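Analysis of the macromolecular model
This is what each chain is made of:
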Amino acid sequence: SNNVGRRRSEVLRFVPGIFESISVVPAELPFFSGTQSKHQITADGNLLVISTWGGRVIEFAPDGRAIRQSVNIFDSEYSANVTAGEAIAPGYLEAELPLCAGQ
């Protein structure tokens, strides 16, 4: 939910059978991105949130704690947009790369 009038976006989790939604991003954390933000459930059950306009990638534990955050700093006053982010499995980048034909 972008809540454009409130300048506060939310990532909601719906609980089946209970008919309620739970805001995943804690209220005290500034989070607004009118368009383009994304989220991903990681293999360990955490939530990776891409705040495009805020220039941040934030990972949350299931209990709502922010575990890590990366900010795409532009200068001392602004952050640049982050258009994508993806959680990858541990060891993924350590795998041996395949050789091209003829090598």
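Further up the page is the structure itself.
Scope of this entry: the structure provided in the associated data block.

Basis of the calculations
Residues numbered from 1 in each chain as written. Predicted model: local features only at pLDDT ≥ 70, side-chain atom pairs only at ≥ 80, totals over all residues. Heavy atoms only, no water. Salt bridge = Lys/Arg side-chain N within 4 Å of Asp/Glu carboxyl O. Buried < 20%, exposed > 50% of the residue type's maximum accessible area, 1.4 Å probe, protein only. Patch = residues over 30% accessible without salt bridge, like charges linked within 9 Å, V, L, I, M, F, W, Y side chains within 5 Å. Areas by Shrake-Rupley, 256 points an atom, 1.4 Å probe, with all protein chains shown as cover. Helix = DSSP H or I, 4+ residues; strand = E, 2+ residues; numbered from the N terminus. Pairing = 2+ DSSP bridges.

1. Points about the pattern of salt bridges
Tallied over the entire structure, the rule returns 2 salt bridges. The salt bridge partner of Glu 59 is Arg 68, with a shortest N-O separation of 2.6 Å. In this structure Glu 59 comes out as buried when scored by relative accessible area, which is 8%. Linking Asp 63 and Arg 65 is a salt bridge whose minimum nitrogen-to-oxygen distance equals 2.9 Å. What makes Asp 63 exposed here is its relative accessible area of 56%.

2. Regarding a nonpolar patch on the surface
A contiguous nonpolar surface patch, about 370 Å² in accessible area, is contributed by Ile 88, Tyr 92 and Leu 93. With respect to the helices and strands, Ile 88 occurs in the segment after strand 6 (66-71).

3. A look at the pairing of strand 4 (residues 47-51)
Most of strand 4 is tucked away, with 5 of its 5 residues classed as buried. Of the two faces of strand 4, the one holding Leu 47, Val 49 and Ser 51 and the one holding Leu 48 and Ile 50 are both buried throughout. In textbook terms, the turn of a hairpin is the stretch between consecutive antiparallel strands, and for strand 3 (residues 38-41) and strand 4 this stretch comprises 5 residues, one of which, Gly 45, has a positive phi near 90 degrees. Sheet topology note: the strand 4/strand 5 (residues 56-60) ladder contains 5 bridges and is antiparallel. When the sheet's bridge partners are listed, Ile 50 is paired in strand 5 with Val 57.

It is worth stressing that arrangement in space is one thing and function is another; only the former is reported here.
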